[in-house]
Amino acid sequence: MRTWFVTGGTPGGFGLVYAEAALAQGDQVAVTARRPYELQEWAEPYGDRVLVLQLDVTDSDQVRAAVKTAEERFGGIDVLVNSAGRGWYGSIEGAPDETIRRTFDLNLFAVVEVIRAVLPGMRARGDGWIVNMSSVAGLVGAQGFGYYAAAKFAIEGLTETLRQEVEPFGVRVLAVEPGAFRTSAFSYFQNEPVHETVDAYVPMVEAVKAAFVDANGKQAGDPVRGVQAVISAMNAPVPPHRIVLGNSGYDVVVAMHENALAELRANEKLSRSADFCACHHSGVGALS
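Remember, it's a predicted structure, so these values are computed and weren't measured experimentally.

Caption draft 1: Summary view of the overall build of the protein. In terms of regular secondary structure, the protein is built from nine helices and seven strands. Dimensions of the protein, computed from the C-alpha atoms along their principal axes, are close to 80 × 50 × 35 Å. In the protein, which comprises 288 residues, the proportion classed as buried is 45%. In the protein, the share of contacts with a sequence separation of at least 24, taken over all contacts with a separation of at least 6, comes to 68%. Here the protein displays about 15,200 Å² of accessible surface, and carbon together with sulfur accounts for 53% of that area. Between the averaged position of the 24 positive side-chain charges in the protein and that of its 34 negative side-chain charges there is a distance of 4 Å.

Here it is in structure tokens:
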């Protein structure tokens, strides 16, 4: 029986789907939420196999206390799923400073805090899984949602390096990049006003908001099937380093990589021209 620690357990999100999948296979779960009372009724049928913890992941003291409580209750954490996160719309130039900071606080720095709290136990046991929920927006820029994309791009870089650093300790790391999934994520945008500080971008930002609102409840991605794909990837003989979820996301990411590779090769001569000339190392450069 493995113990999972899942952040972002708000009903309607990926976190609770991970928790249910873990419980369905006989595991036990510590699931965190800012409003734990919302999970009381959900948790009751699972008895002692579920521990619901109140946690604002942007509060580092709460993070360490929650991880310690879970470890004391279950004896250790085998799988960490960093699922807490959300974005706010706005242009790169005109998003309010507060929006930028809370985007990174929630989607990047909170993830760092949770990883750093969980890793000592995993290293000590020589085993563990860290699953970082990134996004297709962490691989392909998203107009009007640029700071969320930037935070997820950072998660991608963090995950790549983390994987290399913890592999010697038996800890494995997976980045998950969902496209549009039918979670509660888009529902937040309905009643949020547009706080764009540069008028020139207001029409674009309003159009982005309208697209999210219109797509709510119509997304093609099924969170249950998405989580099953992640678990299958974790259980594969050679687990992938990352997995894109959903048809549209897959197509967008493949096109991005193919275009990037074509552009890279088209500019190969320029790229290779940037090194010191080989003649500098042949003695010619010394004849001055």
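Next comes the rest of the account.
Caption draft 2: Fine view of the sheet that holds strand 7 (residues 242–245). Read across the sheet, seven strands follow the order 3-2-1-4-5-6-7 without closing on themselves; strand pairing throughout is parallel. Strands with a single pairing partner mark the edges of an open sheet, and in this sheet they are strand 3 (50–54) and strand 7. When the angles between neighbouring strand axes are averaged without regard to direction, this sheet yields 15 degrees. Pairing analysis gives four bridges linking strand 1 (residues 3–6) to strand 2 (residues 28–33), with the strands arranged parallel. If you follow Val-6 over to strand 2, its bridge partner there is Val-31.

Caption draft 3: Representation of the side chain of Ser-134 within the structure. For Ser-134, the position within the fold is in the loop between strand 5 (128–133) and helix 5 (146–166). Polar contacts involving the side chain of Ser-134 include one to the side chain of Glu-156, which spans 2.7 Å. Leaving out residues up to four positions away in the same chain, Ser-134 has contacts with Lys-152, Ile-155, Glu-156, Val-176, Glu-177 and Pro-178.

Caption draft 4: View of the nonpolar core. Residues Phe-5, Leu-80 and Ile-130 are the most contacted members of the largest nonpolar core, which totals 36 residues. Within the residue set of this core, elements represented by two or more residues are strand 3, helix 3 (60–74), helix 4 (97–125), helix 5 and strand 6 (171–178). With 12 residues, helix 4 is the single largest residue contributor to this core. With near-sequence residues (within four places) excluded, Ile-130 lies in contact with Leu-80, Asn-82, Ile-115, Leu-119, Met-122, Leu-162, Val-171, Arg-172, Val-173 and Leu-174. Grouped together as the second largest cluster of nonpolar side chains are 32 residues, Val-17, Val-29, Val-31 and Ala-43 included.

Caption draft 5: Spotlight on the packing of aromatic side chains. All told, the structure shown has four aromatic pairs when counted by the stated rule. An angle of 45 degrees between the planes, with centres 6.4 Å apart, marks the rings of Phe-14 and Tyr-18 as tilted. Separated by four residues within a single helix, Phe-14 and Tyr-18 lie in helix 1 (residues 14–24), roughly one turn from each other. Here the two residues Phe-14 and Tyr-18 agree in accessibility, since each one is buried. Taken together, a centroid distance of 4.9 Å and an interplanar angle of 50 degrees make the contact between Phe-145 and Phe-212 tilted.

Conventions and cut-offs
Residues numbered from 1 in each chain as written. Predicted model: local features only at pLDDT ≥ 70, side-chain atom pairs only at ≥ 80, totals over all residues. Heavy atoms only, no water. Helix = DSSP H or I, 4+ residues; strand = E, 2+ residues; numbered from the N terminus. Buried < 20%, exposed > 50% of the residue type's maximum accessible area, 1.4 Å probe, protein only. Contact = heavy atoms within 4.5 Å. Areas by Shrake-Rupley, 256 points an atom, 1.4 Å probe, with all protein chains shown as cover. Lys, Arg positive; Asp, Glu negative; His and termini not counted. Charge placed at Lys NZ, Arg CZ, Asp CG, Glu CD. Pairing = 2+ DSSP bridges. Axes fitted to C-alpha atoms, helices over the stretch in contact; angles between N-to-C directions. Polar contact = N/O pair within 3.5 Å; in protein donor to acceptor, adjacent residues only side chain to side chain. Core = buried A, V, L, I, M, F, W, Y, C linked by side-chain atoms within 4.5 Å. Phe/Tyr/Trp six-rings, centres within 6.5 Å; stacked < 30°, edge-to-face > 60°.

Everything listed here is a matter of geometry and, on its own, says nothing about what the molecule does.
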